[in-house]
Amino acid sequence: MPKHSQHRRRGRNALDADDLEWLDNAPETLDGPPEGDRWSTWDQSTPTEKGPRPHPGWLVTELAAVDTEHGILKTGKEADVHLISRGVPGTDRVCLLAAKRYRSSEHRLFHRDSGYLEGRRTRDDRMNRAMASRTAFGKQAIAAQWAVAEFSALCRLWELGVPVPYPVQIVGTEILQEFVGTADGYAAPRLAQVAEGLDGLWEQLVAAMVTLAREGLAHGDLSPYNLLVHDGRLVVIDLPQIVDVIAHPAGPSFLDRDARNVATWFAAKGVAAADPDDLPTLLRKEAGLGL
């Protein structure tokens, strides 16, 4: 492996004198990857900014890896999701990732922020005031808070066994996570597009929501459009607004809304077990909330 591939991103404090001399005198052409769009960002994240251990075997973590862009998977009001491949040039080591990139303060819509952020005040009063007044600094702080909240939620839920994409890493306001789809880059369909196997998918969803409720959590914006179905398995996505139903003043109402949204959809599709009244009651009980 070329020396520049081994040391291209390690912090200067981690390099010895010979490495530093080589790095300082290296030609500028070595800054870019031999192919692809950028060097892998894996070593730009601290251990707490990476997914739970053990890291899955399919994940490429080599320092010589490069990231290649393959287009947009989804556009949203707060973020866009891009498909990238991360691989080591000249080898068969490659994986597909979904890169969720929260938009800059000038291009994001904050239609949901006020309700969800009510339970997420920081210890910095200046930052709280900036977020409340939607200054440029405040909007940037909100963007960062959304990204951190989603990455933290993915890590927590993954460790709980909730079916979510594996959270690979976070770099600034970009979250890299497992791509849910085929090996050739076709994304898994959303539940709203699926017509078969709904009874089993309903059972999977109830189990996931019960696990969340027992942890005092609600998705906060659950619908058939942020649930994927891949090889008969339900996968929960889009978690920046995850709600602590105990700490948040409106937590129980978020829990109820999630339950009714999905139960109503399944009931309309003919799933006999789906009841828009029974599911909220079950989840409140599991969360230890009054009825």
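In this text, all values refer to a predicted model and were calculated from it rather than measured experimentally.

Colleague: So what's going on with the packing of aromatic side chains? Which residues, and what values?
Modeller: Tallied over the full model, the rule gives 4 aromatic pairs. Residues Trp-158 and Tyr-166 carry aromatic rings whose centres are separated by 5.0 Å and whose planes lie at 75° to one another, so their mutual orientation is edge-to-face. Note on Trp-158: relative accessible area 33%, which makes it partly exposed. Seen from their ring centres, Trp-265 and Phe-266 are 5.1 Å apart, and the 90° between their planes marks the pair as edge-to-face. Of the two residues examined, Trp-265 and Phe-266, each falls in the buried class. Members of the aromatic cluster, each reached through a chain of ring pairs, are Trp-58, Trp-158 and Tyr-166.

Colleague: Let's hear about the environment of Leu-59: which residues, and what values?
Modeller: Mapped onto the secondary structure, Leu-59 falls in the loop between strand E1 (38-39) and strand E2 (66-75). Between the alpha carbons of Leu-59 and Arg-86 there is a distance of 8.6 Å; along the sequence they are 27 residues apart. With sequence-adjacent residues up to four places away left out, Leu-59 is seen in contact with Trp-42, Arg-93, Cys-95, Leu-97, Tyr-166 and Val-168.

Colleague: A description of the nonpolar core should follow, citing residues and the corresponding values.
Modeller: Residues Phe-266 and Leu-279 are the most contacted members of the largest nonpolar core, which totals 47 residues. Sorting the residues of this core by element identifies helix H5 (136-160), helix H6 (198-214), strand E7 (217-218), strand E8 (227-230), strand E9 (233-236), helix H7 (251-268) and helix H8 (278-287) as the ones contributing at least two each. When residues in this core are grouped by element, the largest group, 10 residues, is from H6. Residue contacts for Phe-266: discarding those within four places in its chain leaves Leu-191, Leu-198, Leu-201, Trp-202, Leu-205, Val-271 and Ala-274. In terms of nonpolar packing, the next biggest core, distinct from the first, is built from 13 residues, Val-88, Cys-95, Ala-99 and Tyr-166 among them.

Colleague: Account for the sheet that holds strand E5 (residues 167-171), with residues named and values stated.
Modeller: Taken in spatial order, the 6 strands line up as E1-E2-E3-E4-E6-E5 in an open sheet, and their pairing is antiparallel. Each edge of the open sheet carries a strand with a single partner, namely E1 and E5. In this structure, E5 lies alongside strand E6 (residues 174-178), joined through 4 bridges in antiparallel fashion. Bridging from a neighbouring strand, Val-171 pairs with Glu-174 of E6.

Colleague: So what's going on with the pattern of salt bridges? Which residues, and what values?
Modeller: Scanning the model with the defined rule gives 13 salt bridges in all. With its nearest N and O atoms 2.7 Å apart, the salt bridge here joins Arg-103 to Asp-80. Of this pair, Arg-103 sits in the loop between strand E4 (94-102) and helix H3 (113-117) while Asp-80 sits in strand E3 (residues 79-87), and the two are 23 residues apart along the sequence. Judged by relative accessible area, which is 24%, Arg-103 ranks as partly exposed.

Colleague: Describe unusual backbone geometry, listing the residues and the values that go with them.
Modeller: That bond from Arg-53 to Pro-54 is cis: its omega, 0°, falls within 30 degrees of zero. On the secondary structure map, Pro-54 appears in the loop between E1 and E2. Notably, Asp-231 is not glycine yet its phi reads approximately 55°, a positive angle. One non-glycine residue, Asp-238, adopts positive backbone phi at about 60°. Relative to the helices and strands, Asp-238 is located in the loop between E9 and strand E10 (243-244). Taking relative accessible area as the criterion, Asp-238 reaches 14% and is therefore assigned buried.

Colleague: A description of the environment of Asp-256 should follow, citing residues and the corresponding values.
Modeller: On the secondary structure map, Asp-256 appears in helix H7. Note: C-alpha distance between Asp-256 and Pro-276 (20 residues apart in sequence) is 9.2 Å.

Colleague: Explain H7 to me, using residue names and the numbers behind them.
Modeller: An ideal rise of 1.5 Å per residue puts 26 Å on 18 residues; H7 measures up with 26 Å between its terminal C-alpha atoms. Three or more residues of H7 are buried, namely Gly-251, Phe-254, Leu-255, Asp-256, Asp-258, Ala-259, Val-262, Ala-263, Trp-265 and Phe-266. One or two positions beyond H7, positive phi appears at Gly-270, with a value near 95°.

Criteria and thresholds
- Residues numbered from 1 in each chain as written.
- Predicted model: local features only at pLDDT ≥ 70, side-chain atom pairs only at ≥ 80, totals over all residues.
- Heavy atoms only, no water.
- Phe/Tyr/Trp six-rings, centres within 6.5 Å; stacked < 30°, edge-to-face > 60°.
- Buried < 20%, exposed > 50% of the residue type's maximum accessible area, 1.4 Å probe, protein only.
- Helix = DSSP H or I, 4+ residues; strand = E, 2+ residues; numbered from the N terminus.
- Contact = heavy atoms within 4.5 Å.
- Core = buried A, V, L, I, M, F, W, Y, C linked by side-chain atoms within 4.5 Å.
- Pairing = 2+ DSSP bridges.
- Salt bridge = Lys/Arg side-chain N within 4 Å of Asp/Glu carboxyl O.
- Expected span 1.5 Å × (residues − 1).

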